[in-house]
Amino acid sequence: MGLIAIGAGIAVLTGAGAGIGIGIATSKAADAIARQPEAKGDINKALLLGCALAEATAIYGFVTALLIIISLK
């Protein structure tokens, strides 16, 4: 049972990576908008797409952790 919990914990760590990635992307997007305000629309589109993909990765990790716990219990 202990190894199952460790595996699930490692799978959930994808949320931390996604959070860091989204934070860095938001910082860079704000920087880019400050430097070139007329490109705000294009920058926002790219930022939202990247954030959605990063968040999907975190959700996949969470679902994997749930499946590990439920199926191996």
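Residues numbered from 1 in each chain as written. Predicted model: local features only at pLDDT ≥ 70, side-chain atom pairs only at ≥ 80, totals over all residues. Heavy atoms only, no water.

1. Some details on the overall build of the protein
When helices and strands are counted, the protein shows three helices and zero strands. Against the globule reference of 11 Å for 73 residues, the protein gives a C-alpha radius of gyration of 17 Å, more extended than a compact globule. Once the C-alpha set of the protein is aligned to its principal axes, its extents read approximately 55 × 15 × 5 Å. The 73 residues of the protein split such that 18% are buried. Partitioning the contacts of the protein with sequence separation of at least 6, the portion at a separation of at least 24 is 73%. Per element, the accessible surface of the protein, about 5,200 Å² overall, is 73% carbon and sulfur. (Helix = DSSP H or I, 4+ residues; strand = E, 2+ residues; numbered from the N terminus. Rg over C-alpha atoms; globule rule 2.2 N^0.38 Å. Buried < 20%, exposed > 50% of the residue type's maximum accessible area, 1.4 Å probe, protein only. Contact = heavy atoms within 4.5 Å. Areas by Shrake-Rupley, 256 points an atom, 1.4 Å probe, with all protein chains shown as cover.)

2. Regarding the nonpolar core
Proteins that are soluble and globular tend to have nonpolar side chains buried together. Formed by Ala29, Ala39, Ile43, Leu47 and Cys51, the largest nonpolar core amounts to five residues. The leading source of residues in this core is helix H3 (residues 40-71), at three residues. (Core = buried A, V, L, I, M, F, W, Y, C linked by side-chain atoms within 4.5 Å.)

3. With respect to H3
With 32 residues, H3 ought to run about 46 Å at 1.5 Å a step, and its terminal C-alpha atoms sit 46 Å apart, in line with that. Taken residue by residue, H3 has Ile43, Leu47, Cys51, Ala54, Ala58, Gly61 and Ala65 as its buried positions. (Expected span 1.5 Å × (residues − 1).)

4. Some remarks on a nonpolar patch on the surface
A cluster of nonpolar side chains, contributed by Val12, Ile59, Phe62, Val63, Leu66, Leu67, Ile69 and Ile70, occupies part of the molecular surface with about 720 Å² of accessible area. It is H3 that provides the largest number of residues to the nonpolar patch, a total of seven residues. Locating Val12 in the fold gives a position in helix H1 (residues 2-12). (Patch = residues over 30% accessible without salt bridge, like charges linked within 9 Å, V, L, I, M, F, W, Y side chains within 5 Å. Salt bridge = Lys/Arg side-chain N within 4 Å of Asp/Glu carboxyl O.)

5. Focus: the packing of H1 against helix H2 (residues 14-35)
Put simply, H1 and H2 touch, their axes get as near as 4 Å, and they point 15 degrees apart. Our classification of the angle between H1 and H2 gives roughly parallel. Residues Ile10, Ala11 and Val12 of H1 form the contact with H2, whose own contacting residues are Thr14, Gly15 and Ala16. Along the lines of polarity and charge, the residues of the contact of H1 with H2 split into four nonpolar, two polar and no charged. (Axes fitted to C-alpha atoms, helices over the stretch in contact; angles between N-to-C directions. Parallel < 35°, antiparallel > 145°, perpendicular 65-115°, else oblique. Nonpolar A, V, L, I, M, F, W, Y, C, P; charged D, E, K, R; others polar.)

6. Considerations on the confidence of the model for the protein
Predicted confidence across the protein gives a mean pLDDT of 90, with 99% of residues reaching 70 or more. Taking the mean pLDDT of every element in the protein, the minimum, 85, falls on H1 and the maximum, 92, on H2. (pLDDT = per-residue confidence, 0-100.)

7. Quick word on the environment of Ala16
You can see Ala16 is positioned in helix H2. For Ala16, a relative accessible area of 43% gives the class partly exposed. Taking the C-alpha atoms as reference points, Ala16 and Ala58, 42 residues apart in sequence, are found 7.9 Å from one another.

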